[in-house]
Amino acid sequence: MTSGTTARYDGLADWYDARYVAGAEPHQPGLLELLGPGSGPCLDIGCGTGRNFETIRASGRSVVGVDFSADQLRLARSRTDGPLMVADAAALPFADESFDTAMVMWISTDVDDFAEVVREATRVLRPGGVLVAYGVHPCFNGPHVIWNEDGSRLIHPSYRQPGRHEESPYWGDGIRRQVGMHHLTLADYLNAFLTTGLTLERFEEPDAQGVPHSLAARARRTT
């Protein structure tokens, strides 16, 4: 997904699904707990091929999915009978205060302006609504990181070089080699929430690994 004009994930859906989704655990670590029990539609922003639809349903909610890649949604349609649509995360096709729950899943490194995406997600939430963001850990997962075979990480000073990275000498043969990434520092990531008026309720580093590769947050729209 991207907030620009090109769907970078088009043409990769079958490869992506086979590598990251098919046969994977049905619930990403900590996501169901961050969502908590609820009801009504949950907007899955950057839903991809539908990896998290089962978790949404397990929380008591129904699925509404958006992604910028029609190719990704082609496979997502096999995982829900709920509404799915091609949409820009920074310009959601919904009225203000349309949802009680929204999720921003694994797209902080794929969009051009993550802060704008968080503002859009906040806009479509009703007062009291919950936003869960889950994705790349800015400190330990990015173009500045070498993943060692023993599970340790080597962090390079290029951590402080935010913005679009099309190539990194430290990437293997995974998704970043295919689509590149937009790197945010941890400060940029946190400030994206602070500019919205959301009340932050919880942060998690939801990995079983010694060095986390993901960062998640739960926030609430209070006004």
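Residues numbered from 1 in each chain as written. Predicted model: local features only at pLDDT ≥ 70, side-chain atom pairs only at ≥ 80, totals over all residues. Heavy atoms only, no water.

- Within an unreviewed UniProt entry, the label attached to the chain reads Class I SAM-dependent methyltransferase, and the organism entered is Kribbella capetownensis.

### A short note on the sheet that holds strand E5 (residues 125-136)
Strand pairing within a sheet occurs via backbone hydrogen bonds; the two strands may be parallel or antiparallel.
Then comes step 1: The sheet built from seven strands is open, its strands ordered E3-E2-E1-E4-E5-E11-E10 with mixed pairing. Here the strands that pair on one side only, and so sit at the sheet edges, are strand E3 (84-86) and strand E10 (199-204). Mean inter-strand twist for the sheet, computed between neighbouring axes without regard to direction, equals 15 degrees.
Then comes step 2: Against the sheet, helix H5 (residues 114-123) makes contact with strand E1 (41-45), strand E4 (99-105) and E5, and its axis sits at roughly 150 degrees relative to E5, the strand it touches most. (Pairing = 2+ DSSP bridges. Helix = DSSP H or I, 4+ residues; strand = E, 2+ residues; numbered from the N terminus. Axes fitted to C-alpha atoms, helices over the stretch in contact; angles between N-to-C directions. Contact = heavy atoms within 4.5 Å.)

### Remarks on the packing of H5 against helix H7 (residues 186-194)
Then comes step 1: The geometry of H5 relative to H7 is characterised by a closest axis approach of 8 Å and an angle of 30 degrees between their N-to-C directions. It follows that H5 is roughly parallel to H7 by the angle criterion. For H5 against H7, the interelement crossing comes out right-handed. Where H5 approaches H7, its residues Phe114, Ala115 and Val118 are matched on the opposing element by Tyr189, Ala192 and Phe193. (Parallel < 35°, antiparallel > 145°, perpendicular 65-115°, else oblique. Left-handed = near helix turned anticlockwise from the far one by under 90°.)

### Some points on the environment of Ala18
Then comes step 1: Secondary-structure assignment places Ala18 in helix H1 (residues 13-21).
Then comes step 2: A residue is classified by how much of its surface remains accessible, and Ala18, at 55% relative accessible area, is exposed.
Then comes step 3: Taking the C-alpha atoms as reference points, Ala18 and Asp173, separated by 155 residues in sequence, lie 14 Å from one another. (Buried < 20%, exposed > 50% of the residue type's maximum accessible area, 1.4 Å probe, protein only.)

### Looking at the pairing of E4
Then comes step 1: Burial runs high along E4: six of the seven residues are buried.
Then comes step 2: Across four bridges, the pairing between E1 and E4 is parallel. Counterpart to Asp44 in the pairing with E4 is Met103.
Then comes step 3: The parallel pair E4 and E5, bridged by H5, forms a crossover whose chirality is right-handed. (Right-handed = clockwise from strand over helix to strand, strands pointing away.)

### A closer look at the side chain of Thr109
Then comes step 1: Tracing the chain through its elements places Thr109 in the loop between E4 and H5.
Then comes step 2: A residue is classified by how much of its surface remains accessible, and Thr109, at 2% relative accessible area, is buried.
Then comes step 3: Setting aside residues up to four positions removed in sequence, Thr109 forms contacts with Val136, Arg164, Arg176, Met181 and His182.

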